[in-house]
Amino acid sequence: MLTMNLEGLEMIAVLVVVVLFVKVLEQFGLLEAGYDDSVEDELELSAVRHRPEGLEQLEAQTRFSRKELQILYRGFKNECPSGVVNEETFKDIYSQFFPQGDASTYAHFLFNAFDTDHNGSVSFEDFVMGLSILLRGTVQEKLNWAFNLYDINKDGYITKEEMLDIMKAIYDMMGKCTYPVLKEETPRQHVEVFFQKMDKNKDGVVTIDEFIDCCQNDENIMRSMHLFENVL
Amino acid sequence: MATGVAAWLPFARAAAIGWMPVANCPMPVAPRDNSKKQDELIILNVSGRRFQTWRTTLDRYPDTLLGSSEKDFFYNEETKEYFFDRDPDAFRSILNFYRTGKLHYPRHECISAYDEELTFFGIIPEIIGDCCYEEYKDRKRENLERLQDDQEENKDMKIPNMNFRETMWRAFENPHTSTMALVFYYVTGFFIAISVITNVVETVPCGSTANQKDMPCGERYTVAFFCMDTACVMIFTVEYLMRLFAAPSRYRFMRSVMSIIDVVAILPYYIGLVMTNNEDVSGAFVTLRVFRVFRIFKFSRHSQGLRILGYTLKSCASELGFLLFSLTMAIIIFATVMFYAEKGSSSSKFTSIPASFWYTIVTMTTLGYGDMVPKTIAGKIFGSICSLSGVLVIALPVPVIVSNFSRIYHQNQRADKRRAQKKARLARIRIAKSGSANAFLQSKHNGLLNELLELTGTEEEEHKLTKSISLLESQHHHLLHCLEKTTHLRTQQWDLSDLVTLTQMTANSSNNQQLKAHEFVDEQLFEQNCLETALQTFPSRSPSVSDHDSPVGGCCGRRERKNNPLPNTSLLTAHPIPTHQGPLQELSAIHIQSGDPLSHTASRSNLNLKTGDSSKINCKGGRITTAIISLPTPPALTPDGDGLHGPPQRRPPPPPGNPPPPASRPRRAQLASTLSKSRLCNSLADRSNSAGERKRRRRREEEEEEAGNTRMTDASCLLLQGQRRES
């Protein structure tokens, strides 16, 4: 037993010596460390950069003047030097405008509405084209854009669930401290009102035509559409 | 809302269209953007380096200088740019803040300079980005510590009306404040040393007596050592009691470390007195003697280094704790391993794990006594690993402690250095202050002259005269002058004539006593003034106009009374330059020559004191000099040679029947002192023309510099010169 112990200890000692020896050899580079070094890490590029199309092309595609495009791009590039906005930044920026509530859900929907090619990031073209529609577009185009925003899964129909999500997102932006206090069923009620107004054939979904028709007949909405015309 | 996202506002507003269809009621009207100006480039000229940026960039932060209308104050119409007279290097980081929204602290900048820039541009330092914030805060703390050291020294100032107790306490805490304190300090230090040495020597074997073998000295010369011990303890007790008495807060003092050390140092003696020859506790008694060695800690009051060491150890408590902890861990591990490794070997000293502790400690600290050595192979292997790791474990926390010590030590060094330089600094500040005061007094010499010149002189001469005084100075002096006029007081240089005025005033009480100037005199000058009563009977000439009522003897005095700033035009006649006694001649010649042509200008002649010829020497104001010359040098007038207190200014006696010199003149004339005849000549000649005066002033200045004291006034120069002449 004692000899076993001793031998055991000696073995351990020898083991330790061997391990140290190996480490020393590794230092000399004679032995390769057999780990999966992520060489790919070094190849990993820094943040994706994106360069927009030329100024003339953008001028042609949008309704902004050259100067306005310049101003827009300068502001955009200043805020996002890499040239693209990803969803996190988007949410961040948007939530700074609505500090008292949680704007992340609505920002998410907005992001999807802006990200027309659905590649996960909003480039300057997306940004500027969206703005062009919203600020300089016809009423038809604006309503189209709004419909696109509400239609979360982009299937051409706004269902009650989608509308409820949007409504909740909008109410979330208000935050907790409101007057009167926000109740659980307020968004749902709001959705009901909306559907009553919009859903002409009562099939439970709102199509684009129903939507545009209804909005064009609504005075308030028409007036509001012109509200942000002079933003830029 | 964070202004950094102002660029996204249009987007956010546009996206609000998404709410429109959902809303049930109409939206409020949007605000109109009336200031619809195109985004323009703004040029910011910072000390010559031009920075350009968009207006909207600056508008991002409207609560700063550049973002608000405050920058309009710096707008330069001609060049259409905003000019800031600040450091362009620091401005870079400030402008970058506007551009990127992040404020960075450049490491090479001085922290207080940077802070000032931030304050100037209205940016709060708290928004410094995380990347630079730590560095900024560290530097700021360092700077604050440094400044605090400065202030702490100022607390050393003598507080007036300290009662006895406070004086005593201060003497105890700072031995350098008084000789008594220093003596006390050294005496206690000496006795501490004696006490410690006694303790040590007590145990040395002193040689054998007849009946016993080697005894320690303590037992051989019991009485002597006992007396020594008693004396020391007496001193320590007295010291402790005195400190206790003087301490501002006795309770706090009793809790302080030093006081505890004091108590521990003297208690054993008293306990020993009480417990005499009690067998049971004699063992404890012996132990108590060990505590006597604590007296050596009393030295920490005497040594700064010891205090720093103690403070360092205190402040590195966590590192020391870590060191201790890791050492303990390693000791236990290795002791266990060694014990089991050596268990098998015969006659092994590693009898138990605690016994192995000793081996581990000795090995880890690389002492290696060799009283316990492993014999088995495993033991040897583990033993070597133990010693290697010991080196590592000990070496790790040590640099932290060292750097702490170094920082505290250097701080102390700095404090000491600054204390040493404080005296020089204070002296310099004093010189600067009195320099400016004397500059004022001196300018009053020229003050009236300038006034007169402005009124009557030509442009050119004005320039010549005023070029030696900067605009700032002249305006400052004018201000002081106004104050004087308001309060009817005057700052005065030591002025014999004024003194005479005073005496004459008392003498001729019938004279018109307008509010006369009691001027702010330099204390010493004032005292000297008072001392000099017997000497002069000169009329007091004061440079300021209000001095007219000084009863000057004779005609000049009377005329002086009627004096107005403008010199009497009747005194236009230029007088021949007096041919004066020998030593005066050369210098006077010089001045005369320069003065001659000018003396004929009618417009300025009124400024000229008449340089009377010897015959009428006593009659004219200009004769002042001659009169002075005839006077013996009053011994009391001789300053101590440093001339710092302003030499006496002699007013020339007002020769009766002479037209009074213009008010400005007397001052000038007074520059001559009996000791310096050349000076007299200078003044004479100078009086005759302003150019000469300039020369004289220049010469004066030269002499002043040469005398090595820029504060010297004219007369002091003269006096010194005179002294030199005399000797």
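Parameters and conventions
- Residues numbered from 1 in each chain as written.
- Chains lettered and ligands numbered in written order.
- Predicted model: local features only at pLDDT ≥ 70, side-chain atom pairs only at ≥ 80, totals over all residues.
- Heavy atoms only, no water.
- Helix = DSSP H or I, 4+ residues; strand = E, 2+ residues; numbered from the N terminus.
- Buried < 20%, exposed > 50% of the residue type's maximum accessible area, 1.4 Å probe, protein only.
- Contact = heavy atoms within 4.5 Å.
- Areas by Shrake-Rupley, 256 points an atom, 1.4 Å probe, with all protein chains shown as cover.
- Axes fitted to C-alpha atoms, helices over the stretch in contact; angles between N-to-C directions.
- Parallel < 35°, antiparallel > 145°, perpendicular 65-115°, else oblique.
- Nonpolar A, V, L, I, M, F, W, Y, C, P; charged D, E, K, R; others polar.
- Salt bridge = Lys/Arg side-chain N within 4 Å of Asp/Glu carboxyl O.
- Polar contact = N/O pair within 3.5 Å; in protein donor to acceptor, adjacent residues only side chain to side chain.
- Pairing = 2+ DSSP bridges.
- Arc of directions from axis to C-beta.
- Core = buried A, V, L, I, M, F, W, Y, C linked by side-chain atoms within 4.5 Å.
- UniProt positions renumbered as here; feature names shortened; annotations may be inferred.
- Phe/Tyr/Trp six-rings, centres within 6.5 Å; stacked < 30°, edge-to-face > 60°.

Outline the overall build of chain B, listing residues and values.
Secondary structure assignment for chain B yields 29 helices and six strands. Counting all 727 residues of chain B, 44% fall into the buried class. Sequence-distant contacts in chain B: of pairs separated by 6 or more residues, those separated by 24 or more amount to 70%. With an accessible surface of roughly 37700 Å², chain B has 62% of that area assigned to carbon and sulfur atoms.

I'd like a description of the packing of helix α13 (residues 304-315) of chain B against helix α14 (residues 317-342) of chain B, backed by residues and values.
Residues and elements named next belong to chain B. Packing of α13 against α14 leaves a shortest axis separation of 4 Å and a crossing angle of 65 degrees. Of the possible angle classes, the one that applies to α13 and α14 is roughly perpendicular. Contact residues: Leu313, Lys314 and Ser315 in α13; Ala317, Glu319 and Leu320 in α14. For the contact of α13 with α14, a count of residues per class yields three nonpolar, one polar and two charged.

Give me unusual backbone geometry: which residues, what numbers.
All names here are of chain A. Between Tyr179 and Pro180 the backbone carries a cis peptide bond, its omega angle lying at -5 degrees. Here Pro180 is to be found in the loop between α9 (160-174) and α10 (186-198). We note that Lys154 has phi near 55 degrees; this positive angle belongs to a residue other than glycine. Assignment of secondary structure puts Lys154 in the loop between α8 (139-150) and β3 (157-159). Among the residues examined, Lys154 registers a relative accessible area of 33% and is labelled partly exposed.

Describe the interface of chain A and chain B, with residues and values.
Taken together, the 54 residues of chain A in the interface contact 43 residues of chain B. Viewed at the interface, chain B and chain A are joined by zero salt bridges. Where chain A packs against chain B, one counts one residue pair in polar contact (both at pLDDT 80 or more). Looking at side-chain class alone, the side of chain A that touches chain B contains 40 nonpolar, seven polar and seven charged residues.

Tell me about the sheet that holds strand β2 (residues 49-54) of chain B, residues and numbers included.
Paired through their backbone hydrogen bonds, the strands of a sheet run either parallel or antiparallel. Read from one edge of the open sheet, four strands run β2-β1-β4-β3 (chain B), paired in mixed fashion. Each edge of the open sheet carries a strand with a single partner, namely β2 and β3 (75-76) of chain B.

Could you give me a rundown of helix α5 (residues 87-97) of chain A, with the residues and numbers involved?
Along α5(A), the residues that are buried comprise A:Phe90, A:Ile93, A:Tyr94 and A:Phe97. Along the long axis of α5(A), the arc covered by the buried residues comes to 95 degrees, so they all point the same way. Next to the buried residues of α5(A) lie β1 (84-86), α6 (104-114) and α9 of chain A together with α1 (9-15) of chain B.

Which residues make up the nonpolar core, and what are the values?
Counting 65 residues, the largest nonpolar core has A:Tyr94, A:Leu110, A:Met163 and A:Phe211 as the members making the most contacts within it. The greatest single-element share of this core, amounting to eight residues, is contributed by α9(A). Each residue touching A:Phe211, except ones within four places of it in the same chain, is listed here: A:Leu143, A:Ala146, A:Phe147, A:Tyr150, A:Phe194, A:Met198, A:Val206 and B:Pro21. With 25 residues, the next largest nonpolar core counts B:Val46, B:Tyr61, B:Phe91 and B:Leu118 among its residues.

Could you give an account of the environment of A:Tyr106, naming the residues involved and the relevant values?
One can find A:Tyr106 in helix α6. The spatial distance from the C-alpha of A:Tyr106 to the C-alpha of A:Ser95 is 9.5 Å, given a sequence separation of 11 residues. Not counting residues within four places of it along the chain, the set of residues in contact with A:Tyr106 comprises A:Tyr94, A:Leu149, A:Ala169, A:Ile170, A:Met173, B:Ala15, B:Gly18 and B:Trp19.

Can you lay out the UniProt feature "domain: EF-hand" (unreviewed entry) in chain A for me, pointing to particular residues and giving the numbers?
Mapped onto the present numbering, the UniProt feature "domain: EF-hand" (unreviewed entry) falls at residues 102-137, 138-173 and 186-221 of chain A. With 72% helix and 8% strand, the stretch residues 138-173 of chain A has end C-alpha atoms that lie 28 Å from each other.

Got a sec to walk through the packing of aromatic side chains? Specific residues and values, please.
Residue and element names in this part refer to chain A. Enumeration according to the criterion identifies 42 aromatic pairs over all chains in this entry. With a centroid separation of 5.2 Å and 45 degrees between ring planes, the pair formed by Tyr94 and Phe98 is classed as tilted. Of the residues examined, Phe98 reaches a relative accessible area of 17% and is grouped as buried. By the ring-pair criterion, three or more aromatic residues cluster together here, those being Tyr73, Phe76, Phe90, Phe111, Phe114, Phe124, Phe127 and Trp145.

Provide a residue-level description of the environment of B:Arg407, including the pertinent values.
All names here are of chain B. Here Arg407 shows up in helix α17 (residues 398-456). The class of Arg407 is partly exposed, set by a relative accessible area of 40%. C-alpha of Arg407 to C-alpha of Thr312: the two residues are 95 residues apart in sequence and 9.3 Å apart in space.

Account for the pairing of strand β1 (residues 41-46) of chain B, with residues named and values stated.
Residues and elements named next belong to chain B. One ladder, built from six bridges, connects β1 with β2; its direction is antiparallel. The residue bridging Ile43 from the neighbouring strand is Gln52, located in β2. Here β1 hands over to β2 after two residues, with Ser47 in that stretch at a positive phi of 50 degrees. Across three bridges, the pairing between β1 and strand β4 (residues 81-84) is parallel. Pairing of Leu44 across the sheet is with Tyr82, part of β4.

Just give me the short version of the environment of B:His481, but keep the residues and values in it.
Locating B:His481 in the fold gives a position in helix α19 (residues 471-487). B:His481 sits 40 residues away from B:Leu441 along the chain, and the two C-alpha atoms are 9.8 Å apart.

A description of the pattern of salt bridges should follow, citing residues and the corresponding values.
All names here are of chain B. Counted according to the given criterion, the structure contains 23 salt bridges over all chains. Here Lys140 ties to Asp115 by a salt bridge, and the two come within 3.5 Å at their closest N and O atoms. Here the residue Lys140 occupies a position in helix α5 (residues 130-154), and Asp115 occupies one in helix α4 (residues 111-120), the gap between them amounting to 25 residues. Bridged by salt links that share partners, the residues Glu239, Arg243, Asp262, Lys298 and Arg301 form one connected network.

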